[in-house]
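# Working through the structure, step by step
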Amino acid sequence: MKMHTSSKLRKEFIKKWVKGLQICCSSKNNMDILERKKKIKLCADIALASAKNETTLWSIALISEAKKDDENKILVDNLLGPESRFKPQMTNRQMIACHKRVRSKKILKKSRHVCHKMKKTGPPKSNLAAYIAKKLVKRRTQVLKRLVPGGESMDEFSLIKEALDYILSLRIQVDVMRTLANANEVLNQSDSKIID
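Residues numbered from 1 in each chain as written. Predicted model: local features only at pLDDT ≥ 70, side-chain atom pairs only at ≥ 80, totals over all residues. Heavy atoms only, no water.

## Topic: the overall build of the chain
On a plain count of helices and strands, the chain comes out with eight helices and zero strands. The secondary structure elements of the chain, listed N-terminal to C-terminal, are α-α-α-α-α-α-α-α. Out of the 196 residues belonging to the chain, those deemed buried represent 30%. Once local pairs closer than 6 in sequence are excluded, the contacts in the chain between residues at least 24 apart make up 63%. Put simply, the chain shows about 14300 Å² of open surface, and 60% of that area lies on carbon and sulfur atoms. (Helix = DSSP H or I, 4+ residues; strand = E, 2+ residues; numbered from the N terminus. Buried < 20%, exposed > 50% of the residue type's maximum accessible area, 1.4 Å probe, protein only. Contact = heavy atoms within 4.5 Å. Areas by Shrake-Rupley, 256 points an atom, 1.4 Å probe, with all protein chains shown as cover.)

Shown next as C-alpha cells:
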C-alpha cells in the first residue's frame, strides 16, 4: 500500500476540495445553510478519499457510496480525474472478506444453540476477566466497523490498519479546515477595521 506524507496529502486535499467546492457552487446558486453544509462535507470527504488515490479500503468505500447518488457522480468524476483507475467492483481482498463473512454467518447459525446454552448458564466462573475483556473488544470492534467507511466488510487486522489511516487523514482534513476558518476570521477582522 502506498503511503502519503502528510504534507503531500494536505496539498492534494486542498486542491481537490477547492475544485469540488467550485463545482458545487456553480451547479446550484441558491442553497440554504443546511444544503451548503452538506455540500461542504461531501466535497471534503470525496476530496480526502480521492487524495488517497484509492490506496485504502475506506477511501474506496467513501467514493463508492458517493457515486451511488446520481447528483454526486459529476463531482466524484471531476475530483477523481481521467487518470483514475477507480472501479466500484469488489477487490479480491473484499471478495475474500465477504466470503469469510458468509461462512462465519453459517458457522454462527449452527452454533447458536451453544451460545444460547452459555447465556443461560452465564459466563465461565474460572475465566470471568477474559470473558469480559473479549466481550468489550467485540463491542468496540463493532462500533469501529460502523465508524470507518467500508468497515463492515473488513477483518479485525484490516479494520485497525484502515482506522489508523482514516484517523490520520481526518486529522489533516480538520487541520486544513481550521486553518481556513482562522484565515477567514482574520480577513473579516481586518476588513471591519478598514471600514471603521
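## Concerning the pattern of salt bridges
In total, this model carries nine salt bridges according to the counting rule given. For Asp 165, the salt bridge identified is with Lys 52, shortest N-O distance 3.0 Å. Residue Asp 165 is found in helix H8 (residues 156-195), and its partner Lys 52 is found in the loop between helix H2 (33-51) and helix H3 (57-67); the two are separated by 113 residues along the sequence. Arg 178 is the salt-bridge partner of Asp 175, the closest N and O atoms lying 3.8 Å from each other. (Salt bridge = Lys/Arg side-chain N within 4 Å of Asp/Glu carboxyl O.)

## What about the nonpolar core?
Phe 13, Trp 17, Ile 46, Trp 58, Leu 75, Val 76 and Val 148 are the most contacted members of the largest nonpolar core, which totals 26 residues. Of all the elements in the fold, those that place two or more residues in this core are helix H1 (6-27), H2, H3, helix H4 (70-80) and H8. The leading source of residues in this core is H2, at seven residues. Setting aside its immediate chain neighbours within four residues, Ile 46 contacts Ala 66, Leu 75, Val 76 and Leu 79. (Core = buried A, V, L, I, M, F, W, Y, C linked by side-chain atoms within 4.5 Å.)

## What to know about the environment of Ala 61
Within the secondary structure layout, Ala 61 lies in helix H3. With a relative accessible area of 22%, Ala 61 lands in the partly exposed category. Taking the C-alpha atoms as reference points, Ala 61 and Pro 149, separated by 88 residues in sequence, lie 5.7 Å from one another. Setting aside anything within four residues of it in sequence, one finds Ala 61 in contact with Pro 149 and Gly 150.

## Describing H4
All of the buried residues along H4 are Asn 72, Leu 75, Val 76, Leu 79 and Leu 80. Taken around the axis of H4, the buried residues stretch over an arc of 125°, which confines them to a single face. In this structure, H4 carries Asp 70 and Ile 74 as exposed residues pointing more than 90 degrees from its buried face. Packed against the buried residues of H4 are H1, H2 and H3. Backbone geometry just after H4 places Gly 81 at a positive phi near 80°. (Arc of directions from axis to C-beta.)

On their own, these measurements won't tell you what the molecule is for.
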